[in-house]
Amino acid sequence: MVAVNISGNVVKYKLVNRKKWTILLFHIAFLFILAGGATTSYFGYEGMMHIREGASSNQLQLNETYLTLQADYMGVKKSVSKAISLTPRGNNQYTESLEIGGIKVRIETELYIPNAAEKLVPTTNGIPGISLFIMDNRKGGHESELLQGEETTVENQTYSFHSGRPGNITFSTQNNQPAFTSTDTVLMTGMMTRDTTVLLPGILHLAKEKTIYRMGGQVFVIKSFLPSAQKSMTSVAENNSGMQGLVVSLSTDNQTKRLNLLNRDGEAVPVQTQLGDLNLTASFGAKSVELPFSIKLNDFILERYPGSQSPSSYASEVTVLNSDGSSFPYRIFMNHILKYKGYRFFQASYDRDERGTILSVSHDYWGTFFTYLGYLLMGIGMVLSLMNRNSRVRTLIRQGAEIRKLKRSSLGLITVFVLLTSALPTSLNAQTLSGSKAQHIKELNLLLVQNRNGRVEPFSTISSALMRKIHKSESYRDMSSTEVILGMLSNPAQWQQERFIKVYNKELASQLGSSGEYISFQQLFENGRYKLRELANNAYHKEPGQRNQFDKEVINLDERVNICYQLFNHSFLKLFPLPGNHGDSWVTEQTLKQIGSNEHTTEPLTIYTNYLQAVQQAQTNGNWRQPDQLLLALKQYQLTNGGSIIPSQSKIRMENFYNRANLFGKLAIVYALLGSLLLIIQLVIFFRPQMKTSRINLTGMVLSMLIFIFAVYTFGLILRWYISGHAPWSNGYETMIFVGWATALAGLFLARQSGITLAVTNLLAGIMLLVAGMSWLNPEITPLVPVLKSYWLIVHVAVITSSYGFLSIGALLGFLNLFLIIIRNQKNNQRLSLHIREITVVNEITLIVGVILLTAGSFLGGIWANESWGRYWGWDPKETWSLVTVLVYAVVLHLRKIPGMKNNAIFNGLSVLSFGSVLMTFVGVNYYLSGLHSYAQGEAPPVPNAVYITVVVILGMMVAAYVKEKNSPLTRLSE
């Protein structure tokens, strides 16, 4: 339908025209993208390949679910498979059949159980059954129920119970008791005695319950044995095994048998049975495809961030083996794929023991070709359409110029900006220290600490993060965060009495004996009893969705208290690299003491203990010479033993400057004040046209200062990029400040079109910076997860977040226009109508640019996904809402083609409402929904009641504006 609609519009609007060929190219690109999607859907396929170190494989497990029936009749074998889609509330009725030896066998699904558990139950007319618990190094533990005549295979190890084919472990009955033989030596260990006995292969052994048996890399335990049993499959409310169940019936003309099939994490568990002379095997799950070559895993390599368990990257060293004997080596890792003979191999996951790899494989050459061609044509069409003099954007720019001539006034901004920029704080340090103590704090800021993610950073960075966590501010009583943390380390008795631990909930503060928003560490303990213990236990035992605001604050306060406790007993800050481990993992003073006295621990312990004592004395006598010397010795110890993970001195000093400068916090104030005042002045000009606008025009000096402030903003982003080592838009905080930057940049570009736009963009940039500084966004510099280590991060996120800046400008301009339409009357009708039309023109330009960037960014994200894990679109919540946002704004921009909708009030109102889809895409998905974009999550901000009130206000303004605009001039949007 979409393709038909696009084709129809090409004919209806005569896009096959030399003047409109760029627009035609843009729309045709979507036809290629749709063709690529159809090719992928009908002809492409993808799956997973699991390989252990030293082994090779040419078997691809497809991601689709298949119902498979295999038949064996007197040595003649035949099989049939059917792709099925099972849903908890769907029909789930499928039938397939095959004919072998003149016998027709039919398999039919009866019941699908999403969370399945198969159990043996005693019955009077059953057969012997045995219940096993099998633990595998890669897959973990799972249960298996075997009736006589059945078998199961776990990682190439078969457990058979009189199935007719011997397994690695073959069970039987001996005097109505279970017994087994094995193909290899089995170690038997009693759960109570822990005595180990060696059981030789090929000998029948009685099987005991509550006994651990180990053979090869697997452990199995006999849970129970029933002389007469049958299987029953049930649904379990909480099932973490990843099991799915399917009840099927197998039938011939003479017999029918019902089977319970299981699927474990997508992998089929075959079940064997007999119908007369037929040996049948049924299963449902992934289907295997044989590749024309094999992949051998030589080595799997997992790299972690120093001092952390978080993966930095993981890679598979493989050899591609062809059937003709030729081969070549290759290294597969995240964002570095193997392309060979139409197949693409991606590093997806790995085994728990880190000795096996899981590769994602796709086969979709032509689908990829058509899709990428569509992306290329779309990009060319969008860029050229902006340059085409007959395009909508160029038409709107000409209309704006005509409106400005009618107004006979220029941008109408005042040089009060000069005064505003003078309000920019010049002090880069909040503290008011002087003399030698100030110098010591300055040097302490450069001391290195390894954080919990393994990143080595200056003391100023971690002290700032700790103070934001504990106090929700970076200073306390004119003391910087560094001075506060130093006081907690050197004089814990004093700081345990300080009321600086933040408590948001008034009810909780009252229960703890505090009359304000802050409480001391000492107040949280009474006669040695921790007051939060019971409250915290109750809160943690609740499901996350059942916790109220009181519970959440109890948990947050408990975390702050624990941080304080670890600081007081010196078990939080990792200051000491240990010689011999290449400096990768640093330890705390408490850990040094636990290691014990040796040549590696004596020196740093002595230096650190003497340093804290010297600091305590210096706080009294004011002599900081000895603390300076000991701090220098501690720094020297770090440099000597820290290894290669220590940052360069220039990076350390630049990060310390970044922390002290707080550029984004100060720019938030400047942009907010600037935008507010300029907006007020602009509105005054709207209603007081007699003002001498020639005296309050935007001068070259003011424009230069605007550019200077934006340059400071840009410098802040570049500085964060340099410090972190990756593009500064990898989490919620960084994305927010980048959207603010894009908004400020858009304002400079649109300044010539409308003075009020420049005011609005400055105000909006300030709001975004202020929001970024709120407590629920984390400004800490953190390591990247492996998938983000890609140049696609820079391209995709930069483009798509830039679009948010333009779309947010459109929302604010739309809101302003609704206000102007409502207050328009007979006296100001002519002048305000021109202003409204001018703002509408600029609004439409910003929305067009924003949608172009959003569309390009979304498809660039599709390329990133295809290059990282082999698929463009997986209907992840972020992807889905990006598409929704593109479609919403596409409708808004095409409303002028619908009779009766060419109205300024409708267009501007919808530009405000549509921004809700942007907020959902950016905030809602990142913080409230789960998916592949979870790496962008932080603490989910609560939805304030003001959001619902704002929606009601906007709807009310839209109705009022529409009624008033209906009978006013200049109401229609231009063609």
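Residues numbered from 1 in each chain as written. Predicted model: local features only at pLDDT ≥ 70, side-chain atom pairs only at ≥ 80, totals over all residues. Heavy atoms only, no water.

### Topic: the overall build of the protein chain
1) Next: Looking only at helices and strands, one finds 26 helices and 38 strands in the protein chain.
2) Next: Within the span of the protein chain, comprising 975 residues, buried residues form 50% of the whole.
3) Next: A separation threshold of at least 6 residues defines the contact pool for the protein chain, and within that pool the share at least 24 residues apart is 64%.
4) Next: Carbon together with sulfur atoms contributes 56% to the accessible area of the protein chain, which is approximately 46,100 Å² in total. (Helix = DSSP H or I, 4+ residues; strand = E, 2+ residues; numbered from the N terminus. Buried < 20%, exposed > 50% of the residue type's maximum accessible area, 1.4 Å probe, protein only. Contact = heavy atoms within 4.5 Å. Areas by Shrake-Rupley, 256 points an atom, 1.4 Å probe, with all protein chains shown as cover.)

### Let's talk about the environment of Ala 765
1) Next: In this fold, Ala 765 is placed in helix H20 (residues 755-772).
2) Next: Each C-alpha atom, one on Ala 765 and one on Ala 742, is 8.4 Å from the other, the two residues being 23 residues apart in sequence.
3) Next: Here Ala 765 is in contact with Tyr 671, Gly 740, Thr 743 and Ala 744, once residues within four sequence places are set aside.

### Remarks on empty space enclosed by the protein
1) Next: Evaluation of the coordinates by the stated rule reveals six cavities of 30 Å³ or more.
2) Next: The volume enclosed by the second largest cavity comes to roughly 140 Å³.
3) Next: Lining the second largest cavity are 16 residues, with Glu 118, Glu 145, Lys 231, Val 269 and Val 271 sitting closest to its centre.
4) Next: For the lining of the second largest cavity, the secondary-structure elements that each account for two or more residues are strand S8 (140-147), strand S9 (150-154), strand S19 (256-264) and strand S21 (271-275).
5) Next: Looking at the lining of the second largest cavity, the element that brings in the most residues is S8, giving four residues.
6) Next: Looking at the lining of the second largest cavity residue by residue, the classes come out as five nonpolar, four polar and seven charged. (1 Å grid on protein atoms, 1.4 Å probe; cavity = no way out; pocket = protein on both sides within 12 Å on 5 of 7 lines; lining within 4 Å. Points joined across faces, edges and corners; volume = space filled by probe spheres on them. Nonpolar A, V, L, I, M, F, W, Y, C, P; charged D, E, K, R; others polar.)

### Some thoughts on a nonpolar patch on the surface
1) Next: A surface patch of nonpolar side chains, about 420 Å² in accessible area, is lined by Leu 913, Val 947, Tyr 948, Val 951 and Leu 955.
2) Next: The element that contributes the greatest number of residues to the nonpolar patch is helix H26 (residues 945-965), accounting for four residues.
3) Next: Assignment of secondary structure puts Leu 913 in helix H24 (residues 904-913). (Patch = residues over 30% accessible without salt bridge, like charges linked within 9 Å, V, L, I, M, F, W, Y side chains within 5 Å. Salt bridge = Lys/Arg side-chain N within 4 Å of Asp/Glu carboxyl O.)

### Here's the deal with the packing of aromatic side chains
Two descriptors summarise a pair of aromatic rings, namely the distance from one centre to the other and the angle between the planes of the rings.
1) Next: Under the criterion given, the structure shown has 32 aromatic pairs.
2) Next: Seen in terms of ring centroids, Tyr 375 and Phe 859 are 5.0 Å apart; in terms of plane orientation they differ by 35 degrees. Their pairing is tilted. Of this pair, Tyr 375 sits in helix H3 (residues 365-387) while Phe 859 sits in helix H22 (residues 829-869), and the two are 484 residues apart along the sequence.
3) Next: Residue classification places Tyr 375 among the buried residues on the basis of a relative accessible area of 10%.
4) Next: One aromatic cluster is present, built from ring pairs that chain together Tyr 159, Phe 171, Phe 180, Tyr 213 and Phe 220.
5) Next: Over the aromatic face of Tyr 66 sits the side chain of Lys 287, whose NZ or CZ is 5.0 Å from the ring centroid.
6) Next: We note Lys 651 situated over the ring of Tyr 722; from NZ or CZ to the ring centre the distance is 5.2 Å. (Phe/Tyr/Trp six-rings, centres within 6.5 Å; stacked < 30°, edge-to-face > 60°. Lys NZ or Arg CZ within 6 Å of the ring centre and 35° of its normal.)

### Thoughts on the pairing of S21
1) Next: Of all five residues that make up S21, four are buried, and the element is covered over most of its length.
2) Next: Here S21 folds back onto strand S22 (residues 278-285) in antiparallel fashion, the turn holding two residues, of which Gly 276 has a positive phi close to 65 degrees. (Pairing = 2+ DSSP bridges.)

### Brief notes about the nonpolar core
Taken as a class, soluble globular proteins show a tendency for nonpolar side chains to be buried jointly.
1) Next: The biggest cluster of nonpolar side chains holds 93 residues, and the ones touching the most others in it are Phe 664, Leu 667, Tyr 671, Tyr 713, Ile 737, Leu 769 and Leu 807.
2) Next: In contact with Tyr 671, other than residues within four places in its own chain, are Ile 709, Phe 710, Tyr 713, Ala 744, Asn 762, Leu 763, Ala 765, Gly 766 and Leu 769. (Core = buried A, V, L, I, M, F, W, Y, C linked by side-chain atoms within 4.5 Å.)

### Points about the packing of helix H8 (residues 481-490) against helix H14 (residues 602-621)
1) Next: Direction vectors running N to C along H8 and H14 enclose 110 degrees, while the axes themselves pass 9 Å from each other. As judged from the angle between their axes, H8 and H14 are roughly perpendicular. Judged by residue contacts, Leu 486, Leu 489 and Ser 490 of H8 engage Tyr 608, Tyr 611, Leu 612, Val 615 and Gln 616 from H14.
2) Next: Classifying every residue of the contact of H8 with H14 by side-chain character gives six nonpolar, two polar and no charged. (Axes fitted to C-alpha atoms, helices over the stretch in contact; angles between N-to-C directions. Parallel < 35°, antiparallel > 145°, perpendicular 65-115°, else oblique.)

### Some points on the sheet that holds strand S12 (residues 177-182)
1) Next: Taken together, the five strands give an open sheet; going across it, the order is S9-S10-S11-S12-S15, and neighbouring strands pair in mixed fashion. Among the strands making up the open sheet, the edge pair consists of S9 and strand S15 (205-206).
2) Next: Relative to strand S10 (residues 157-161), S9 is paired through five bridges, and the arrangement is antiparallel. What sits directly across from Glu 151, in S10, is Ser 160.

### Some points on unusual backbone geometry
1) Next: The residue Asp 478 is not glycine, and still its phi comes out positive at about 65 degrees.
2) Next: If you trace the backbone, Asp 478 turns up in the loop between strand S31 (475-476) and strand S32 (479-480).
3) Next: Residue classification places Asp 478 among the exposed positions, given a relative accessible area of 55%.
4) Next: Of note, the phi angle at His 570 is positive, near 60 degrees, even though the residue is not glycine.
5) Next: Here His 570 falls in the buried class, since its relative accessible area comes to 14%.

### Description of the sheet that holds strand S18 (residues 243-251)
1) Next: Strand order in the open sheet made by the five strands is S5-S6-S18-S19-S20, with antiparallel pairing throughout. With partners counted over all chains shown, the strands left at the sheet margins are strand S5 (95-100) and strand S20 (267-269), one partner each. Across the sheet, the mean angle separating the axes of adjacent strands is 30 degrees when strand polarity is ignored.
2) Next: Alignment of S19 against S20, held across three bridges, turns out to be antiparallel. In the sheet register, Arg 264 faces S20, and the bridge partner there is Glu 267.

### Observations regarding the confidence of the model for the protein chain
1) Next: Averaged over all residues, the pLDDT of the protein chain is 81; the fraction at 70 or higher stands at 83%.
2) Next: The low-confidence segment residues 409-434, where pLDDT is below 50, has 62 contacts with residues more than four positions distant or belonging to other chains.
3) Next: This stretch, residues 692-699, has a pLDDT under 50; its non-local contacts, to residues over four places away or in other chains, come to 17 contacts. (pLDDT = per-residue confidence, 0-100.)

### Quick look at the pattern of salt bridges
1) Next: If you walk through the whole model with that rule in mind, you get 20 salt bridges.
2) Next: For Arg 455, the salt bridge goes to Glu 457, with nearest N and O atoms at 2.8 Å. Both residues of the pair, Arg 455 and Glu 457, belong to the buried class.
3) Next: Note that Glu 474 and Arg 468 form a salt bridge whose closest N and O atoms lie 3.5 Å from each other.
4) Next: Under the relative-accessibility criterion, Arg 468 is labelled partly exposed at 22%.
5) Next: Look at the salt bridges and you will find they share partners, linking Arg 52, Asp 351 and Asp 353 into a network.

### A short note on helix H23 (residues 877-893)
1) Next: With 17 residues, H23 ought to run about 24 Å at 1.5 Å a step, and its terminal C-alpha atoms sit 24 Å apart, in line with that.
2) Next: Every buried residue of H23 is listed here: Lys 878, Glu 879, Ser 882, Thr 885, Val 886, Tyr 889, Val 892 and Leu 893. Across the axial projection of H23, the buried residues extend over an arc of 150 degrees, all falling on one side. (Expected span 1.5 Å × (residues − 1). Arc of directions from axis to C-beta.)

### What to know about the side chain of Asn 92
1) Next: The topology assignment puts Asn 92 in the loop between strand S4 (76-84) and S5.
2) Next: When sequence neighbours within four positions are dropped, the list of residues in contact with Asn 92 reads Ser 85, Leu 86, Thr 87, Thr 109 and Tyr 112.

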